[in-house]
Amino acid sequence: MDPSLRPTTIPVDCAVTTAEMQQHPISPSAAGRLAGVSPQVSPSDTPSLTLAPKLLFNSNVKLNHLKDWSMSAYKCTKQMVLENLGRAPKTVDLEIERQVELLRDTHKRYSDIIRLSRVFSNSFQHMLGSQRALGDTFTDMALKAPELQPEFNANAETQRKLVSSGEQLLSGINFFTSSVNTLVNKTMEDTFESYRLYEQARLEYDAYRVDLEVLQWSAQRSSASVARLPEVTENYNIVYSKFEKMRGGLTVKLRLLEENKVKVMHKQLVLLHRAISAYYSGNHEGLELALQQFNIKTLPSESQPVSWLENITGSH
């Protein structure tokens, strides 16, 4: 007998009982492999062949999108270069350009207001620190110089009141700066972003418009151009609708921005005027009332006795 055909014997310690086989069943595919039989492949074990046309369709769609994007990018780049060289016409909305130019100038001037307001706020804060330190020094000297105690206490009291009013004025200045900063660096910047998107749509529109005009001119001499005319016209109409939508949206945004700018600046300028006027005129109550009208949290006022300097001033 050929040794290769000799039956394999299983050792006694490796034999599998019927109970163990029931506890650990073998799958049909594994049993087939053990028996030397090729496993049967069911349709559920392999990807469905119907996915192939779907994948092919998705690939074609992506390729078409890439082709359209590449063609549009080429046309826009060509249009931009020709405009810079002065060899291509450019669509210009004079009213929008005028409003955007005014907005740029306003943005620059309001940015200067923000910068100078911050400088003023920092300088004023340093002054308050000096007044606070001076008041503490007067209080300390009142304890060490009994012969001048009333005078030192009076000056310390004056500095404390100046610091209290100054902190309220500083709150008003910071509120003014924050509000103008929001208007400039958020609202105006959002409008500038809309204008940049409008310029992109305008460039794309001009590129397709020039392409259509050239094709219409060549269609009078070439039948191939006539065949391409419906497709190019359809693309032009799509781009033109997008451009008109962007232009209308930008026009509305510019109008709303102008109205919002007037409203915000009126409120902030009135606040700043009332706060500074009340502070430098010594009207502590007027300063606190002005800040309360604009919902600005003020420092709690402390009931302090009237100093002898205020009594002298009041009597005169």
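Draft legend 1. The pattern of salt bridges, seen in detail. Counting across every chain of the model gives 19 salt bridges. Put simply, R247 and D93 hold a salt bridge, and the shortest N to O gap is 3.6 Å. Highlighted residues: R247 in helix α6 (residues 223-280) and D93 in the loop between α3 (51-84) and α4 (94-144), separated in sequence by 154 residues. We classify D93 as buried; its relative accessible area is 19%. Note that R247 is salt-bridged to E244, the shortest N-O span being 2.1 Å. Pair noted here: R247 and E244 are both in helix α6, with a separation of three residues, about one helical turn. Residue classification places E244 among the partly exposed positions, given a relative accessible area of 27%.

Draft legend 2. The packing of aromatic side chains, seen in detail. Overall, the coordinates contain 10 aromatic pairs when judged by the stated rule. Consider the rings of F138 and F152, whose centres lie 6.1 Å apart with planes at 35°: the pair is tilted. Here F138 is found in helix α4, whereas its partner F152 is found in helix α5 (residues 149-219), with 14 residues between them in sequence. Pair check on accessibility: F138 and F152 agree, each one buried. A centroid spacing of 6.0 Å and a plane angle of 35° characterise the contact between Y195 and Y198, whose relative ring orientation is tilted. With Y195 and Y198 both in helix α5 and three residues apart, this pair spans about one turn of that helix. Looking at Y198, the relative accessible area reads 1%, which means it is buried.

Draft legend 3. Representation of the nonpolar core in the model. Core analysis: the biggest nonpolar cluster contains 26 residues, and I96 and M188 have the highest contact counts within it. Among the secondary structure elements, those contributing two or more residues to this core are α4, α5 and α6. Top contributing element to this core by residue count: α5, with 13 residues. When residues no more than four places from it in sequence are discounted, the contact partners of M188 are L103, T106, H107, Y110, L183, L257 and K261. Counting 13 residues, the second-largest nonpolar core is a separate cluster that includes I173, A275, L291 and F294.

Draft legend 4. Representation of the packing of α4 against α5 in the model. At a minimum axis separation of 7 Å, α4 and α5 run at an interaxial angle of 160°. With respect to α5, the axis of α4 lies roughly antiparallel. The way α4 lies across α5 gives a crossing that is left-handed. Per-class residue counts for the contact of α4 with α5 are 28 nonpolar, 19 polar and eight charged.

Draft legend 5. Quick peek at the environment of E193. Relative to the helices and strands, E193 resides in helix α5. Spatially, the C-alpha atom of E193 lies 9.9 Å from that of L250, the residues being 57 residues apart in sequence.

Draft legend 6. Molecular detail of the environment of V92. Positionally, V92 belongs in the loop between α3 and α4. Residues V92 and R202 lie 110 residues apart in sequence; the distance between their C-alpha atoms is 8.8 Å.

About the criteria used
Residues numbered from 1 in each chain as written. Predicted model: local features only at pLDDT ≥ 70, side-chain atom pairs only at ≥ 80, totals over all residues. Heavy atoms only, no water. Salt bridge = Lys/Arg side-chain N within 4 Å of Asp/Glu carboxyl O. Helix = DSSP H or I, 4+ residues; strand = E, 2+ residues; numbered from the N terminus. Buried < 20%, exposed > 50% of the residue type's maximum accessible area, 1.4 Å probe, protein only. Phe/Tyr/Trp six-rings, centres within 6.5 Å; stacked < 30°, edge-to-face > 60°. Core = buried A, V, L, I, M, F, W, Y, C linked by side-chain atoms within 4.5 Å. Contact = heavy atoms within 4.5 Å. Axes fitted to C-alpha atoms, helices over the stretch in contact; angles between N-to-C directions. Parallel < 35°, antiparallel > 145°, perpendicular 65-115°, else oblique. Left-handed = near helix turned anticlockwise from the far one by under 90°. Nonpolar A, V, L, I, M, F, W, Y, C, P; charged D, E, K, R; others polar.

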